[in-house]
Amino acid sequence: MKKEIYTFKEELSKLIDQDNNKVWLNKKASKRIDYIFKVGQEQFTSSEVIGENDEFLLLGQNIDKKLKDKSAILFNDYFNSDKN
Amino acid sequence: MSKDFIDDKKLEDILAQVKPTEEKIETIINKSLNKERLSLEETATLLQADKPEWIERIFKGAEELKNKVYGDRIVLFAPLYVGNKCINNCEYCGFKASNTEIDRCTLTIKELQAEVKAMEKKGQKRSILVYGESPDYDADFIAKTVQAVYDTREDKGEIRRVNINAAPLDVEGYKKLKEVGIGTYQIFQETYHHETYQRVHHSGPKRDFKWRVTGLDRAMEAGIDDVGIGVLFGLYDWKYEVMGLLEHTIHLEEKYNVGPHTISFPRLKEASNVSIDDKYFVNDEELKRIIAILRLAVPYTGLILTAREDAKLRREAIKLGVSQIDAGTKIEINGYSDDDDEQDINREQFVIGDSRSLDDVIYELLSDGYIPSFCTACYRLGRTGEHFMEFAIPGFIKRYCGPNALLTFKEYLEDYASEKTKDVGEKLIQEKLAEIEDEKTKEKIEAKLEEIENEKRDLYF
């Protein structure tokens, strides 16, 4: 599968429990970050960083360690693969 | 290219055809209290509701809705005038090209940094940069100034959100500004009435109604989903202009799935070398009706009331639906770093009505039970555009906006407040904490407040 943002979303959706997690991808722009897409629903818990590079930031809510690790691997595969 | 979506006749016909009744008004207010955006017909019904008892009902409804959606928070910001060169000739504006009495200047980056430091020393965290329309103020120049503001820090101070009020750009221009992380891009149409628009815009690019009214479409196409609209009330019939604002909102919602982030409603004011027919001037009572009806028409859109208005009117208008105000405002070029508090009309776009300091405004807000907020969390966590629509989920404000207001206000109290403001402010924070029923949430907020006391900054949920 070609590595595009929409395919990343598709693969991420397979990992996420739509009712009990929320993960959203953002693009960094100075002090703000721009929302690109989300999977799952608002969980009203603190946001945590799942993956990050110079350009993108993947945030999540209500993510356990196992899911965080899987999502981080996927993020790195898509956005940090040059460095891996 | 987008089409001009304002049909004067359609808006005027709707205004002429609606017939308000007590029952209709009640139904419309209830729809709004259910946090649904009103239609053009429903809004026209409220606009034509002229009986005193109906107006009173609309005010009560707007107050109730404001409390429901925004609670007791008021977001604070300050404008920063970067340059007043202008190639337009707008009948109502002191910066018009034909005004030879005004001092024309543009801040150098060094002067801009001095202005930002002066603002940061007072506790400002959010600013809107204002530019005249000139080839000198192109997208590259605006981007450079935005970056300079973000990069300027004074001790613990920093501007965390930079909004823009400038001329409409092309898509490529907006893309450059998206790259540097602007907040809201604001373009005021001034008047949505075509004939009036042509009459008051004598020359310059601003004379092109269509280029301006589609300016935010191009911003959206460039990926800027955070935009602000506005009208300069006093140029044409205020009821028509409210309809224009709503039509613009509906257009953006239908085409881009997200409406404007904010609506502004400045009134015509005295300015250098400006004399204008007062036929459509808006009085205080009418301005309050405008605010209340806009609040009901667009429950989730921020409403901005600026320091053009005097302190008394601002105090009354806040409860009717205003969610953001500027405070400690200086609209003179170099105004923040210049110690002189006297207004010089030849260096400013208009005369301001509320020239109190940020601390004085905050003290009054606290006395009225409001929590001043410098929050920028949504835009730091990607909660914008389509994602921002989760704002509508019950609990969002309680869990995020309220706590974040407390945290940013606590920073202000620690770093910048006068003794009297600090006393009242600390008490109000304790009162607000006591109102939080969920113990876990309260503990989390208390932990962050303690971190702020221990010198940590920029904390948010």
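Residues numbered from 1 in each chain as written. Chains lettered and ligands numbered in written order. Predicted model: local features only at pLDDT ≥ 70, side-chain atom pairs only at ≥ 80, totals over all residues. Heavy atoms only, no water.

Labelled according to an unreviewed UniProt entry, chain B appears under the name Iron-only hydrogenase maturation protein HydG, originating from Orenia metallireducens.

K.L.:
Sorry if this is basic, but what is going on with the interface of chain A and chain B here?
P.N.:
Bring the parts together and some accessible area is lost; that lost area is often taken as the interface size. If you look at the interface, chain A gives 18 residues, while chain B gives 27 residues. Both sides together, the interface formed by chain A and chain B hides about 2000 Å², and carbon and sulfur atoms give 48% of it. Looking only at chain A, the three residues that lose the most surface to chain B are Lys31, Arg32 and Phe44 of chain A, adding up to 42% of its buried area. In this structure, aspartate 226 of chain B and arginine 32 of chain A form a salt bridge, with 3.9 Å as the shortest nitrogen-oxygen distance. If you look at where chain A meets chain B, you find 11 residue pairs in polar contact (both at pLDDT 80 or more). Of all the secondary structure elements, the ones that give two or more residues to the side of chain A that touches chain B are β1 (22-29), β2 (32-40) and β4 (56-61) of chain A. Of the residues that constitute the side of chain A that touches chain B, the class distribution is six nonpolar, five polar and seven charged. (Contact = heavy atoms within 4.5 Å. Buried area = accessible area lost by both parts, 1.4 Å probe. Salt bridge = Lys/Arg side-chain N within 4 Å of Asp/Glu carboxyl O. Polar contact = N/O pair within 3.5 Å; in protein donor to acceptor, adjacent residues only side chain to side chain. Helix = DSSP H or I, 4+ residues; strand = E, 2+ residues; numbered from the N terminus. Nonpolar A, V, L, I, M, F, W, Y, C, P; charged D, E, K, R; others polar.)

K.L.:
Before we go on, may I ask you to explain the pattern of salt bridges in this structure?
P.N.:
Any two side chains of opposite charge can pair if their charged atoms end up close together. All names here are of chain B. Per the stated rule, a full pass over the model turns up 51 salt bridges over all chains. Residue lysine 288 pairs with glutamate 285 through a salt bridge whose shortest N-O separation is 3.9 Å. Taken together, the positions of lysine 288 and glutamate 285, both in helix α12 (residues 284-297) and three residues apart, correspond to about one turn of that helix. Given the relative accessible area of 40%, glutamate 285 is considered partly exposed. (Buried < 20%, exposed > 50% of the residue type's maximum accessible area, 1.4 Å probe, protein only.)

K.L.:
What exactly am I supposed to notice about the UniProt feature "coiled-coil region" (unreviewed entry) in chain B here?
P.N.:
Per the UniProt annotation, the sites labelled "coiled-coil region" (unreviewed entry) are residues 426-458 of chain B. Within the segment residues 426-458 of chain B, helix and strand shares are 76% and 0% respectively, and the terminal C-alpha atoms sit 18 Å apart. (UniProt positions renumbered as here; feature names shortened; annotations may be inferred.)

K.L.:
Help me out: how do you make sense of a negative patch on the surface in this one?
P.N.:
Residue and element names in this part refer to chain B. A grouping of Glu437, Asp438, Glu443, Glu446 and Glu450 is seen on the molecular surface, where their side chains present a negatively charged patch. You can see glutamate 437 is positioned in the loop between α18 (419-435) and α19 (439-453). Judged by its relative accessible area of 75%, glutamate 437 is exposed. (Patch = residues over 30% accessible without salt bridge, like charges linked within 9 Å, V, L, I, M, F, W, Y side chains within 5 Å. Areas by Shrake-Rupley, 256 points an atom, 1.4 Å probe, with all protein chains shown as cover. Lys, Arg positive; Asp, Glu negative; His and termini not counted. Charge placed at Lys NZ, Arg CZ, Asp CG, Glu CD.)

K.L.:
Is there a simple way to think about the domain arrangement of chain B in this case?
P.N.:
Residue and element names in this part refer to chain B. When cut into domains, chain B gives domain 1 (67-356) and domain 2 (382-453). Here the C-alpha centroids of domain 1 and domain 2 sit 27 Å apart. Facing the 18 residues of domain 1 at the interface are 16 residues of domain 2. Of the roughly 1300 Å² buried where domain 1 meets domain 2, counting both sides, 56% is carbon and sulfur surface. Where domain 1 meets domain 2, there are three salt bridges. A salt bridge links lysine 156 to aspartate 415; the shortest N-O distance between them is 3.6 Å. Connecting domain 1 to domain 2 are four residue pairs in polar contact (both at pLDDT 80 or more). Secondary structure elements with two or more residues in the side of domain 1 that touches domain 2: α4 (52-70) and α5 (109-122). Looking at the side of domain 1 that touches domain 2 residue by residue, the classes come out as four nonpolar, four polar and 10 charged. (Domains from an automatic or database assignment.)

K.L.:
In this structure, what is going on with the pairing of strand β6 (residues 161-165) of chain B? I would like to understand it.
P.N.:
On any regular strand, side chains alternate: one points to one face of the sheet, the next to the other face. All names here are of chain B. In terms of burial, β6 is a largely internal element, five of the five residues being buried. Across the two faces of β6 the burial is the same, with Arg161, Asn163 and Asn165 and Val162 and Ile164 all buried. As defined by bridge partners, strand β3 (residues 126-131) adjoins β6 across five bridges and the pair is classed as parallel. Its bridge partner lying in β6, valine 130 is registered against asparagine 165. Alignment of β6 against strand β7 (residues 185-190), held across two bridges, turns out to be parallel. (Pairing = 2+ DSSP bridges.)

K.L.:
Just to check I follow, could you spell out unusual backbone geometry for this structure?
P.N.:
Glycine aside, a negative phi is what most residues show, and trans is what most peptide bonds show. At serine 30 of chain A, a position not held by glycine, the phi torsion is positive, near 55 degrees. One can find serine 30 of chain A in the loop between β1 and β2. Notably, lysine 35 of chain B is not glycine yet its phi reads approximately 65 degrees, a positive angle. For lysine 35 of chain B, the location among the structural elements is in the loop between α2 (22-33) and α3 (40-47).

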